[in-house]
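# Breakdown of the fold
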Amino acid sequence: MSDCVWSTQRMAVMVCILHKLAAEDALGQISPNRQEDLKALGECMRDRIHQPHRQHLVPGLQEILALESQEPAIGGLIATGLSGAGPTVFALATSNIQTIGTRMRSIFTSHGVESEVHVFDPTQTGVYA
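Structure report, in brief. Along every chain, residues carry numbers that run from 1 in the direction the sequence is written. The predicted nature of this model means local features are confined to residues of pLDDT at least 70 and side-chain atom pairs, given and counted, to a pLDDT of 80 or more, with totals for whole chains, interfaces and linings taken over all residues. Only hydrogens and water are set aside when side-chain values are computed; all heavy atoms of the structure are taken into account.

## Points about the overall build of the chain
Segments assigned H or I by DSSP are reported as helices when at least four residues long, segments assigned E as strands when at least two residues long, and all are numbered from the N terminus. On a plain count of helices and strands, the chain comes out with five helices and two strands. Reading the helices (α) and strands (β) of the chain from amino to carboxyl end gives α-α-α-α-β-β-α. For the chain, the spread of C-alpha atoms along the three principal axes comes to 45 × 40 × 40 Å. Type-normalised accessible area, obtained with a 1.4 Å probe on protein chains alone, sets the label of each residue: buried when under 20%, exposed when over 50%, and partly exposed for intermediate values. Put simply, the chain has 129 residues, and 29% of those count as buried. Contacts are assigned to residue pairs with any non-hydrogen atoms lying within 4.5 Å of each other. Partitioning the intrachain contacts of the chain with sequence separation of at least 6 by distance along the chain shows that 44% fall at a separation of at least 24. Surface accessibility follows the Shrake-Rupley procedure with a 1.4 Å probe radius. Residue values consider only the protein chains on display as shielding. If you sum the accessible surface of the chain, you get close to 8,800 Å²; carbon and sulfur atoms cover 57% of it.

Following this line, the structure appears as structure tokens:
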């Protein structure tokens, strides 16, 4: 139960941060606290509910989820995560996108897992046809 409360709290904070960042971008203003907001967004992406229980199903996942806390840090990396039940993983980043994708792919390769890297830009319009 405590993990559910923990995750729900972070989800609420994540929505607030994403809304604030979108508003700043729309207005062409960048808050002096932007780096702190991005760091908090990374913390909000941590998961205690499904990722820990699925790590054994996705070889290399534990290493990928730990990328943002490794030294030397990969600049621009905010967070990594497991998409749904997997096996898709993702990274949220502001820069060094190809470097991050290459690193994730090399982790999978070291575990004998074939993978592809796809880069997507965020959208403000949501799902559309």
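## Re the nonpolar core
Throughout, nonpolar core names a set of buried Ala, Val, Leu, Ile, Met, Phe, Trp, Tyr and Cys residues whose side chains join them through atoms within 4.5 Å. By size, the foremost hydrophobic cluster in this structure holds 13 residues, and its most contacted members are L61, I64, L67, V89 and M104. Counting residues per element, the ones that place at least two in this core are α4 (61-65), β1 (77-82) and α5 (97-110). In terms of residue count, α5 provides more of this core than any other element does, four residues in total. Setting aside residues no more than four positions away along its own chain, L61 makes contact with Q51, R54, Q55, L82 and V89. Core analysis: the next-biggest nonpolar cluster, separate from the first, contains nine residues, M14, L21, M45 and A79 among them.

## Comments concerning the pairing of β1
The buried count for β1 comes to six of six residues, which makes it a mostly enclosed element. Relative to strand β2 (residues 89-93), β1 is paired through five bridges, and the arrangement is antiparallel. Following the sheet pairing, A79 is matched in β2 by L92. The criterion for strand pairing is that DSSP finds at least two bridges linking the strands in question.

## Structural notes on helix α1 (residues 2-27)
For a helix, the expected span equals 1.5 Å multiplied by the residue count minus one. Between its first and last C-alpha atoms α1 spans 38 Å; for 26 residues at 1.5 Å apiece the expected length is 38 Å, and the two agree. The complete set of buried residues in α1 reads W6, S7, R10, M14, I17, L21 and E24. Turning to α1, the residues buried within the fold contact α2 (34-44). Backbone geometry just after α1 places G28 at a positive phi near 70 degrees.

## Quick notes on the pattern of salt bridges
Think of a salt bridge as a Lys or Arg side-chain nitrogen and an Asp or Glu carboxyl oxygen that are within 4 Å of each other. Evaluated as defined, the whole model comprises six salt bridges. Linking R46 and E43 is a salt bridge whose minimum nitrogen-to-oxygen distance equals 2.8 Å. Since its relative accessible area comes to 40%, R46 is described here as partly exposed. One salt-bridge network, in which partners are shared between bridges, spans R10, E43 and R46.

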